[in-house]
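For reference, the chains in residue letters:
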Amino acid sequence: MADRPFLKMNGAGNAIIVLDLRADPVSIPADEVCAVAARVPFDQMMVLYPPRTPGSDAYVRILNQDGSESGACGNGTRCIADIVFAETGKDALLFETRAGLLPCVRAEGGLITVDMGPPRLRWDEIPLAEPFADTRAIELEIGPRGAPILHSPAVVNMGNPHAIFWVDDVEAVDLARVGPLLECHPLFPERANISLAQVIDRGHIRLKVWERGAGITLACGSAACAAVVAAVRTRRTERKARVSLPGGDLVIEWRHSDDRVLMTGPVEHEFAGRFDPHWFEAAA
Ligand SMILES: N[C@H](CCC[C@H](N)C(=O)O)C(=O)O
């Protein structure tokens, strides 16, 4: 890969690299994504391509640090929105990902709101490997038989697959240990993002996330959306709730009128850099 410029940003602590290929739309092989991750650690790389759908601002590919691809990344979408807001002066944007069209608007206090679309809740939309009539709590547990560490997650697809385990204390479970096992559980044919969710009150959830293809992250926007959807479906919270992640807070609203999930949160610019072609010699 060439000597390309990139931006390092974060969304509530979720480590994001933005690579703008709108003027030179080449695809990035998975081994080159991993070569970048070895030098500049990130959770997701947001790659901007020219728009495919009239009226949209860019087509976006979302690559995890392990080279796999995701249909959604809420925190990364706020990062690219911030860049394109500054570049165009527009006050509303539309990004297209593998999972559909995501409208973005500016919110108060420099925050950005992304419309993450409607959740998909049927077992084959998650997807799961076998039918479950009720995805509010599926049969899945980890740990000793009769005394599981975690069990009965809710599952939600927010453009990517999520499993949400309700816990009394997010700090009491070793997510780094159970995350990899659950991410790759045979029930999840496309793997899954794994969250621990602790309900503080009807307007507030604490969340820790093991991300598919990235591991423990400081924040995961789509997981925050999935957690509020799952909480509303089981009457744990109101439709609008604050989600506190280790890297910061997001406000999520699952709108009643049109079923869409709105995520509002911050972005931060860290530094600009360039890929060094030497990084890719072993990958070539
Ligand atoms: N950090 C992202 C989600 C990444 C999901 C990715 N790990 C996958 O589904 O493969 C977010 O803010 O929504």
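Residues numbered from 1 in each chain as written. Predicted model: local features only at pLDDT ≥ 70, side-chain atom pairs only at ≥ 80, totals over all residues.

1. Comments concerning the overall build of the chain
Logical step 1: Of regular secondary structure, the chain possesses four helices and 19 strands.
Logical step 2: For 284 residues, the compact-globule estimate of 2.2 N^0.38 gives 19 Å, and the chain sits close to it at 18 Å.
Logical step 3: Oriented by its inertia axes, the alpha-carbon framework of the chain measures out at about 55 × 45 × 30 Å.
Logical step 4: Residue burial in the chain is summarised as follows: out of 284 residues, 42% are buried. (Helix = DSSP H or I, 4+ residues; strand = E, 2+ residues; numbered from the N terminus. Rg over C-alpha atoms; globule rule 2.2 N^0.38 Å. Buried ≥ 20, exposed ≤ 12 C-beta atoms within 10 Å, placed from the backbone.)

2. Some words on the site of the ligand
Logical step 1: What surrounds the ligand is a group of 18 residues, the closest being Ser-70, Asn-75, Asn-160, Gly-221 and Ser-222.
Logical step 2: Listed by contribution, the elements that provide at least two residues to the shell around the ligand are helix 2 (74–88) and helix 4 (221–233).
Logical step 3: Lining the shell around the ligand are residues from two domains, each supplying at least three of them: domain 1 (5–116 + 267–280) and domain 2 (123–259). (Near = placed C-beta within 6 Å. Domains from an automatic or database assignment.)

3. Describing the domain arrangement of the chain
Logical step 1: According to the domain assignment, the chain contains domain 1 (5–116 + 267–280) and domain 2 (123–259).
Logical step 2: The gap between the C-alpha centroids of domain 1 and domain 2 is 24 Å.
Logical step 3: Residue-level contacts link 20 residues of domain 1 with 19 residues of domain 2.
Logical step 4: Per-class residue counts for the side of domain 1 that touches domain 2 are five nonpolar, 13 polar and two charged. (Contact = placed C-beta atoms within 7 Å. Nonpolar A, V, L, I, M, F, W, Y, C, P; charged D, E, K, R; others polar.)

4. A look at the environment of Arg-202
Logical step 1: You can see Arg-202 is positioned in the loop between strand 13 (193–201) and strand 14 (204–211).
Logical step 2: It is 22 Å that separates the C-alpha atoms of Arg-202 and Met-116, two residues lying 86 residues apart in sequence.
Logical step 3: What Arg-202 contacts, discounting residues up to four positions off in sequence, is Thr-237 and Glu-238.

5. Side note on the environment of Ala-2
Logical step 1: Mapping Ala-2 onto the fold places it in the segment before strand 1 (5–11).
Logical step 2: Sequence-wise, Ala-2 and Val-156 are 154 residues apart; in three dimensions their C-alpha atoms are separated by 38 Å.

6. Regarding the nonpolar core
Logical step 1: With 76 residues, the main nonpolar core has Met-46, Leu-207, Ala-224, Cys-225, Ala-227, Val-228 and Val-243 as its most contacted residues.
Logical step 2: By residue number, the principal contributor to this core is helix 4, which donates nine residues.
Logical step 3: Both domain 1 (5–116 + 267–280) and domain 2 (123–259) contribute no fewer than three residues apiece to this core.
Logical step 4: Those residues in contact with Ala-224, other than ones at most four positions away along the chain, are Leu-207, Val-243, Leu-245, Leu-250, Ile-252 and Met-263. (Core = buried A, V, L, I, M, F, W, Y, C linked by C-beta atoms within 7 Å.)

7. Side note on the pairing of strand 17 (residues 248–254)
Logical step 1: Direction of pairing for strand 16 (residues 240–245) relative to strand 17: antiparallel, over a ladder of six bridges. What sits directly across from Val-243, in strand 17, is Leu-250.
Logical step 2: Where strand 16 folds back on strand 17, the antiparallel hairpin that results is connected by two residues.
Logical step 3: Of the strand pairs in this sheet, strand 17 and strand 18 (residues 261–265) are connected by four bridges, and their pairing is antiparallel. Among the inter-strand pairings, Trp-254 is bridged to a residue of strand 18, identified as Val-261.
Logical step 4: What sits between the antiparallel neighbours strand 17 and strand 18 is a turn of six residues, in which Asp-259 has the positive phi angle 70°. (Pairing = 2+ DSSP bridges.)

8. As for the pairing of strand 12 (residues 161–166)
Residues in a regular strand project their side chains so that they alternate between the two faces of the sheet.
Logical step 1: With respect to burial, strand 12 is a largely interior element, six of its six residues being buried.
Logical step 2: Covered by surrounding structure in strand 12 are Pro-161, Ala-163 and Phe-165 together with His-162, Ile-164 and Trp-166, the residues of both alternating faces.
Logical step 3: The pairing of strand 11 (residues 154–157) with strand 12 spans four bridges and is antiparallel. Residue Val-156 lies in a different strand from strand 12, and its bridge partner there is His-162.
Logical step 4: What sits between the antiparallel neighbours strand 11 and strand 12 is a turn of three residues, in which Gly-159 has the positive phi angle 100°.

9. Side note on the confidence of the model for the chain
Logical step 1: Mean pLDDT over the chain stands at 97; residues scoring 70 or higher make up 99%.
Logical step 2: As scored by the predictor, the complex reaches a pTM of 0.97 and an ipTM of 0.98. (pLDDT = per-residue confidence, 0-100.)

10. Comments concerning unusual backbone geometry
Logical step 1: The peptide bond linking Ile-126 to Pro-127 adopts the cis configuration, its omega dihedral lying at -5°.
Logical step 2: Inspection of the secondary structure puts Pro-127 in the loop between strand 8 (112–115) and strand 9 (141–142).

11. Here's the deal with the UniProt feature "binding site: substrate" (unreviewed entry) in the chain
Logical step 1: The sites that carry the UniProt feature "binding site: substrate" (unreviewed entry) are, in the present numbering, Asn-14, Gln-44, Asn-64, Gly-74, Asn-75, Asn-160, Asn-193, Glu-211, Arg-212, Gly-221 and Ser-222.
Logical step 2: Structurally, the position occupied by Glu-211 is in strand 14.
Logical step 3: Ignoring sequence-local partners within four residues, the contact set of Glu-211 consists of Asp-43, Asn-193, Thr-217 and Cys-220.
Logical step 4: Its location among the elements puts Ser-222 in helix 4.
Logical step 5: Ser-222 has contacts with Ala-72, Cys-73, Gly-74, Met-116, Met-158, Gly-159, Asn-160 and His-162, leaving out every residue within four places of it along the chain. (UniProt positions renumbered as here; feature names shortened; annotations may be inferred.)

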